[in-house]
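# Structural description and commentary
So you can see what is in the structure, the chains are spelled out below.
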Amino acid sequence: MEITHIEHIGIAVKSLETAIPFYENVLGLKCYNVEEVVDQKVKTAFFKVGQTKIELLESTDPEGAIGKFIEKKGEGLHHIAYAANDVQTSLNEVSAKGVQLIDKAPRKGAEGLNIAFLHPKSTCGVLTELCEDPSKKQV
Ligand code: CMX
């Protein structure tokens, strides 16, 4: 598997409206995109930090992954997403190495990326996402 960089860091927040001013007014970052991902039951806000992004995640449904996470653990670091050239090939590789997959095939995430998650129980406790930008995919 070829990982090129950390694509984004996902942070669960109770409210984007409350969290965005911290990132803009205290850290001096600029929110360049707010997007709802219906499938994931979240509303997201993105900030660029060099080649990496911060993704704030607000739940839109208490039964979704972020809703359950906030209920159990409160706000905080939720996942790390790595940019990979080919997510399906990477999934096949890590699965063959015994890693538990949440997604057996990539699906559409925020910003048009193809994404897939690996279960935190087999990634040293960190929910791990692999993403591929279809517009930059090298074939
Ligand atoms: N990081 C680390 N561990 C986590 C975790 C996280 N973000 N979320 C849950 N866990 C742990 C729990 O603490 C729990 O551990 P214990 O058994 O030791 O208590 C275990 O995983 C099971 O957790 P759970 O609360 O019972 O939750 P679920 O099994 O219902 O779901 C998970 C956990 C990770 C499988 C689920 O959240 C998932 O499928 N996530 C992938 C999708 C996702 O996160 N979407 C939101 C972001 C979308 C986006 O970025 O656009």
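A brief structural summary. (Residues numbered from 1 in each chain as written. Predicted model: local features only at pLDDT ≥ 70, side-chain atom pairs only at ≥ 80, totals over all residues. Heavy atoms only, no water.)

## Observations regarding the pattern of salt bridges
According to the stated counting rule, one finds five salt bridges in the structure shown. The closest approach of N and O atoms between K30 and E24, which form a salt bridge, is 3.9 Å. The class of K30 is exposed, set by a relative accessible area of 61%. For E24, a relative accessible area of 26% puts it in the partly exposed group. Where salt bridges share partners, they join E7, K53 and E111 into one cluster. (Salt bridge = Lys/Arg side-chain N within 4 Å of Asp/Glu carboxyl O. Buried < 20%, exposed > 50% of the residue type's maximum accessible area, 1.4 Å probe, protein only.)

## As for the nonpolar core
In terms of nonpolar packing, the biggest core is built from 11 residues, these being I11, V13, L16, A19, I20, Y23, C31, A45, F47, I54 and L56. Breaking this core down by element, the ones donating at least two residues are β1 (3-13), α1 (16-26), β3 (42-49) and β4 (52-59). Sorting elements by how many residues they give to this core places α1 first, with four residues. Excluding its chain neighbours within four sequence positions, the residues that come into contact with V13 are A19, L56, L57, E58, S59, I70 and E75. (Core = buried A, V, L, I, M, F, W, Y, C linked by side-chain atoms within 4.5 Å. Helix = DSSP H or I, 4+ residues; strand = E, 2+ residues; numbered from the N terminus. Contact = heavy atoms within 4.5 Å.)

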